[in-house]
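# Structural description and commentary
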Amino acid sequence: MKIYAVKIVENINKYFFNKMINFIDGNKKNRIIKMVHEDDKNRLLLAEALLRLIVCRKLDLRNDQIRLKQTKFGKPYLDLDSELHFNISHSGDWVVCAIDRQSVGVDVQEIIDIEYKEIAQNYFTEEEYLFIMNESLTNQLKKFYWIWTLKESYIKADGKGLSIPLKSFSFHISNPNDIKMLTSNRLKECYFKLFNIAPNYVMSACNLNNHFPNQITYLNQHDLINDFMKLCSQK
Ligand SMILES: CC(C)(COP(=O)(O)OP(=O)(O)OC[C@H]1O[C@@H](n2cnc3c(N)ncnc32)[C@H](O)[C@@H]1OP(=O)(O)O)[C@@H](O)C(=O)NCCC(=O)NCCS
């Protein structure tokens, strides 16, 4: 497994935005164009560029040789015979992409002061709720986001998204390096890791082989844009 991350430092300038958007699939392009907020447009376009760059480099393909399709649950996959699995996530100033040889899920979240008690009570298991509430007040929000991103990474690795009831699996975290998950769901044999991506952000990954990178591979936003444009000009 490998995880790539890009910190968004500024909105893509109009010239590059209009060029880049023509090198992605029609549905995604329309989705991005219809977005109201500039920040959302940027996040989605950068995530797509990152994914395409990584996939093309890994499989030695040109950008116009890859097509991304979606399962009925919305999980994107490559429309070609390959062992490359991937998952993307974006939040706040970060865009991340995880790749592996088997199913993989990744989730990054900016820590925002939300009504975590109510959400945890309604959507997390009793054990998860107590895990959060037994923490000191200053740590509760962070622990809430641990569970949140772990849950997201699981439902994204499985691919069924929120059609999996969030209480149908439960995390037991003895320490950040010892994360266990109990479930009667189809996907049981999977592994989890929490990553420190940046202050005020939490990121979790889920895979089927327990091979996690020690480090995240960081890419600079401007390098990503340049490399993506170079990739797209290949004939
Ligand atoms: C769509 C969902 C899979 C992830 O949503 P999210 O955490 O808001 O968004 P992320 O940025 O982490 O991931 C989005 C990416 O996941 C991928 N994705 C979408 N559906 C997916 C699925 N069923 N399985 C795996 N990946 C999926 C797409 O690549 C998507 O990227 P795009 O929006 O640029 O097309 C789903 O879990 C969801 O809607 N979550 C909403 C948040 C929530 O209520 N979470 C409760 C957790 S406690």
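Note that the structure is a prediction, hence the values are computed from the model and not measured. (Residues numbered from 1 in each chain as written. Predicted model: local features only at pLDDT ≥ 70, side-chain atom pairs only at ≥ 80, totals over all residues. Heavy atoms only, no water.)

Following the UniProt record, one finds the feature "domain: 4'-phosphopantetheinyl transferase" (unreviewed entry) at residues 103-205. Between the first and last C-alpha atoms of residues 103-205 the distance is 11 Å; the span itself is 37% helix and 29% strand. (UniProt positions renumbered as here; feature names shortened; annotations may be inferred. Helix = DSSP H or I, 4+ residues; strand = E, 2+ residues; numbered from the N terminus.)

It is worth spelling out the layout of surface pockets at this point. Volume-wise, the largest pocket comes out at about 850 Å³. For the largest pocket, the lining is made up of 30 residues, of which Lys28, Arg31, Gln70, Gly74 and Pro76 are closest to its centre. Broken down by secondary-structure element, the contributors of at least two residues to the lining of the largest pocket are helix 2 (26-34), helix 3 (38-59), strand 2 (68-70), strand 4 (85-91), strand 6 (104-110) and helix 6 (137-158). Considering only residue class, the lining of the largest pocket consists of 10 nonpolar, 10 polar and 10 charged. Structurally, the lining of the largest pocket is a two-domain feature, drawing no fewer than three residues from each of domain 1 (2-86 + 93-100 + 215-232) and domain 2 (107-207). (1 Å grid on protein atoms, 1.4 Å probe; cavity = no way out; pocket = protein on both sides within 12 Å on 5 of 7 lines; lining within 4 Å. Points joined across faces, edges and corners; volume = space filled by probe spheres on them. Nonpolar A, V, L, I, M, F, W, Y, C, P; charged D, E, K, R; others polar. Domains from an automatic or database assignment.)

What follows covers the packing of helix 5 (residues 126-133) against helix 6. With their axes 8 Å apart at the nearest point, helix 5 and helix 6 run at an angle of 150° to one another. The orientation of helix 5 relative to helix 6 falls into the category roughly antiparallel. Contacts between helix 5 and helix 6 involve Glu128, Phe131, Ile132 and Met133 from the first element and Gln140, Lys143, Phe144, Trp146, Ile147 and Lys151 from the second. Grouping the constituent residues of the contact of helix 5 with helix 6 by class yields 6 nonpolar, 1 polar and 3 charged. (Axes fitted to C-alpha atoms, helices over the stretch in contact; angles between N-to-C directions. Parallel < 35°, antiparallel > 145°, perpendicular 65-115°, else oblique. Contact = heavy atoms within 4.5 Å.)

Of all hydrophobic cores here, the largest spans 36 residues; its most connected members are Met20, Leu46 and Leu50. Sorting the residues of this core by element identifies strand 1 (2-7), helix 1 (14-20), helix 3, strand 4, strand 5 (94-100) and helix 7 (221-232) as the ones contributing at least two each. A total of 11 residues in this core trace back to one element, the largest contributor, which is helix 3. Counting 28 residues, the second-largest nonpolar core is a separate cluster that includes Ile111, Ile155, Ala157 and Leu194. (Core = buried A, V, L, I, M, F, W, Y, C linked by side-chain atoms within 4.5 Å. Buried < 20%, exposed > 50% of the residue type's maximum accessible area, 1.4 Å probe, protein only.)

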